[in-house]
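Structural features, examined
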Amino acid sequence: MPITVQHSVIKSVNNLVKYKIFQEGGRRHYHVGIWVEGTSEELSNIISVEYKLHPSFAKQIRKSENRRNKFSVTIWTWGIFQIEVTCSLKDASSLVLKHNLEYQLPNDISQFEEV
């Protein structure tokens, strides 16, 4: 099984899509988790994973060294974009993946919760 990048919109304890509005009149930003998937053996060969986000992010590079949570990071975003993911491996090589961050949101307004 090759290493892949996955993502998911994070829901609240009430099973509602969480969002924040960071400035008055601004867009809704949704909480999204991003991680890598692979076999236990594949994940054990990874030292760290670096996620290069859209240039509009103040902190464009996010890094995880936590194998237990599949090297996940969370972000708040309002848009969809391509993420460059670099897995640093134990043999000193790197695996670079591209991942399109896209998500489907419910049509029903009652399925959202401002946090």
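My aim in this report is to walk through the structure given alongside it, one point at a time. (Residues numbered from 1 in each chain as written. Predicted model: local features only at pLDDT ≥ 70, side-chain atom pairs only at ≥ 80, totals over all residues. Heavy atoms only, no water.)

Although it is not a glycine, Phe-71 sits at a positive phi angle of roughly 60 degrees. When you line up the elements, Phe-71 lands in the loop between β5 (61-64) and β6 (73-77). Of the residues examined, Phe-71 reaches a relative accessible area of 0% and is grouped as buried. A positive phi angle, close to 75 degrees, is found at Ala-92, a residue other than glycine. Position of Ala-92 relative to the elements: it lies in the loop between β7 (81-89) and β8 (94-101). On the basis of relative accessibility, which here comes to 75%, the residue Ala-92 falls in the exposed class. (Helix = DSSP H or I, 4+ residues; strand = E, 2+ residues; numbered from the N terminus. Buried < 20%, exposed > 50% of the residue type's maximum accessible area, 1.4 Å probe, protein only.)

This next bit is on the pattern of salt bridges. The full count for this structure, using the stated rule, is 3 salt bridges. Salt-bridge contacts for Glu-37 lead to Lys-70; the nearest nitrogen and oxygen are separated by 2.9 Å. Remark: Lys-70 occurs in the loop between β5 and β6 and Glu-37 occurs in strand β3 (residues 28-37); sequence separation between them is 33 residues. A salt bridge links Glu-65 to Lys-63, with the shortest nitrogen-to-oxygen separation between them at 3.9 Å. This pair shows no difference in class: Glu-65 is exposed, exactly as Lys-63 is. (Salt bridge = Lys/Arg side-chain N within 4 Å of Asp/Glu carboxyl O.)

Take Glu-113: it is sitting in strand β9 (residues 112-114). If we skip the residues at most four places from it in the chain, Glu-113 touches Ser-12, Asn-14, Leu-16, Val-17, Lys-18 and Tyr-19. (Contact = heavy atoms within 4.5 Å.)

Turning our eyes to something else, we now look at the packing of aromatic side chains. Within this structure, the stated rule accounts for 5 aromatic pairs. With a centroid separation of 6.5 Å and 70 degrees between ring planes, the pair formed by Tyr-19 and Phe-112 is classed as edge-to-face. Here Phe-112 lies in strand β9 and Tyr-19 lies in strand β2 (residues 17-21), a separation of 93 residues in the sequence. Comparing Tyr-19 with Phe-112 shows no difference in burial state: the two are buried. A network of ring pairs unites the aromatic residues Tyr-19, Tyr-30, Tyr-103 and Phe-112 as a single cluster. Positioned above the aromatic ring of Trp-78 is the side chain of Arg-27, whose terminal nitrogen or guanidinium carbon lies 3.6 Å from the ring centre. Over the aromatic face of Phe-112 sits the side chain of Arg-28, whose NZ or CZ is 5.1 Å from the ring centroid. (Phe/Tyr/Trp six-rings, centres within 6.5 Å; stacked < 30°, edge-to-face > 60°. Lys NZ or Arg CZ within 6 Å of the ring centre and 35° of its normal.)

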